[in-house]
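Fold and geometry: a report
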Amino acid sequence: MNPIRLHVDIETRLPHFDLRVQLDVSTEILVLFGPSGAGKTQTLNAIAGLVTPDAGEIWLDGAPFFRRRRPGDSLNVPAHKRRVGYVFQHYALFPHLTALENVAYALWRQPDARPRALTLLERMKLTHVAQHYPREMSGGQQQRVAIARALAAEPKMLLLDEPFSALDVAIRERLQQDLRALQVDLGLIVVYVTHSLDDAFAIGDRLAVMREGRVEQVGPIEAVFRQPASDKVLEILGIPNIFPAQVVDVTPAGLTLDWDGLRLEAPLQPAAIGQKVRAYIRPEDIKILYPDRPLMSPVRHNQVVGRIVSRRLNSNFQTLIVSLPNGHDLEVTFPTYAYTPLSLRPGKEITLSLRKEGVTLLHFPHSGV
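Residues numbered from 1 in each chain as written. Predicted model: local features only at pLDDT ≥ 70, side-chain atom pairs only at ≥ 80, totals over all residues. Heavy atoms only, no water.

1. Regarding the overall build of the protein chain
Each helix and strand counted, the protein chain has eight helices and 21 strands in total. Projected onto its principal axes, the C-alpha coordinates of the protein chain cover approximately 75 × 50 × 35 Å. Going through the 369 residues of the protein chain one by one, you find that 48% of them count as buried. Look at the contacts in the protein chain between residues 6 or more apart in sequence, and 65% of them connect residues 24 or more apart. About 17,900 Å² of surface is accessible on the protein chain, with carbon and sulfur atoms providing 52% of the total. Taken together, the 42 basic and 39 acidic charged side chains of the protein chain have centroids lying 2 Å from each other. (Helix = DSSP H or I, 4+ residues; strand = E, 2+ residues; numbered from the N terminus. Buried < 20%, exposed > 50% of the residue type's maximum accessible area, 1.4 Å probe, protein only. Contact = heavy atoms within 4.5 Å. Areas by Shrake-Rupley, 256 points an atom, 1.4 Å probe, with all protein chains shown as cover. Lys, Arg positive; Asp, Glu negative; His and termini not counted. Charge placed at Lys NZ, Arg CZ, Asp CG, Glu CD.)

So, in structure tokens, the structure goes:
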């Protein structure tokens, strides 16, 4: 990990739970992910100085923002002195000000406020709406204005609270790309709140999974998703295709698992013959086989015939629920444009390959959650 720039260690009592958050953030996009009421927004507000924790400390680039009931003098730097940009979920633009005036407001009393605001609007591809009021702009344009205003004071850190949740897919994807480019260009710390895994994967470098005021797991997004640390994390992430199995063979080439009569090969992982385990496979790691095409090596393992129970489509992906001969169902996800020659209607029989490298054991005790 790169050098730590933001350190958060706070405690505060909330109506339904106690918030206890410890985070270290470098020059990156850290995604706070979890259900509504997990404490994500409260954490952002504490970092920004909009709320005061009961105890703890927050520092940025070695300079303390907040300290209470910790070694050293107590302090609480006001929000306007923290050099933190904040983009709210509902934009919070002034309805009586134009786009240019909204951005310039953040540079209040500075002689070059309007030229700097115009430069920021140009960066956000908004010069054509500089004289428009929020009611005259689309949701995506309003969000870009909000980001430009947050950048006006040249912050070291940008906080975003579900900023793209109300936007359609195409606009959201463009804004995600723009935000990643901004983070790299400006060397920003970005803390980004969402409850959408699609958002997290599209935007983030690391993921902090939150539940009831606690950080349950933090790490690179792919690592957290492939190796969840607990049942609670599994529940929050909504990971499908978890199944009980028994290890029937262990060789240098990998494991053989028995899942209620279905034999599956898995990569070598810590396990012993006869051990009962829980495993899972991501829906993206299950491939549909064409009946008339030769098999490539990645899909020669773990072939099984199943029957499609249901099919769900959106603009980017399709999801199938497939019933297997052992009485269990699997969720299969793939891009909308894939497998177009195949008939994938409910009731259709298809052959699947559960990619060997995608079969992962869960190395923590089952808590019954």
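2. Focus on helix H1 (residues 40-48)
The element H1 is largely enclosed, with a buried count of seven among its nine residues. Among the residues of H1, Lys40, Thr43, Leu44, Asn45, Ala46, Ile47 and Ala48 are the ones counted as buried. One or two steps after H1, the chain reaches Gly49, where phi turns positive at roughly 90°.

3. Digging into the sheet that holds strand E13 (residues 254-259)
One open sheet accounts for five strands, arranged E14-E13-E12-E15-E21; its pairing is antiparallel. Only two strands of the sheet have a single neighbouring strand rather than two, namely strand E14 (262-266) and strand E21 (360-361). Where strand E12 (residues 242-251) meets strand E15 (residues 276-280), five bridges bridge the pair, whose relative direction is antiparallel. Its bridge partner lying in E15, Ile242 is registered against Tyr280. (Pairing = 2+ DSSP bridges.)

4. Observations regarding the packing of aromatic side chains
Considering all chains together, one arrives at seven aromatic pairs under this definition. A centroid spacing of 5.0 Å and a plane angle of 85° characterise the contact between Phe334 and Tyr339, whose relative ring orientation is edge-to-face. Across this residue pair, the class does not change: Phe334 and Tyr339 are buried. Cluster of aromatic residues (ring-pair linked, three or more members): Tyr290, Phe334 and Tyr339. (Phe/Tyr/Trp six-rings, centres within 6.5 Å; stacked < 30°, edge-to-face > 60°.)

5. Observations regarding the environment of Arg211
In this structure, Arg211 sits in strand E10 (residues 206-211). On the accessibility criterion, Arg211 (21% relative accessible area) is partly exposed. Sequence separation between Arg211 and Pro35 is 176 residues; the distance between their C-alpha atoms is 7.1 Å. Residues contacting Arg211, with those up to four places away along its chain left out, are Ala38, Glu216, Lys232, Glu235 and Ile236.

6. Describing the side chain of Asn302
When you line up the elements, Asn302 lands in the loop between strand E16 (286-288) and strand E17 (303-313). Looking at Asn302, its side chain comes within polar contact range of the main-chain nitrogen of Glu265, at 2.6 Å. Polar contacts involving the side chain of Asn302 include one to the main-chain carbonyl oxygen of Leu354, which spans 2.8 Å. If we ignore the near neighbours within four places in the chain, the residues touching Asn302 are Arg263, Leu264, Glu265, Leu352, Ser353, Leu354, Arg355, Lys356 and Val359. (Polar contact = N/O pair within 3.5 Å; in protein donor to acceptor, adjacent residues only side chain to side chain.)

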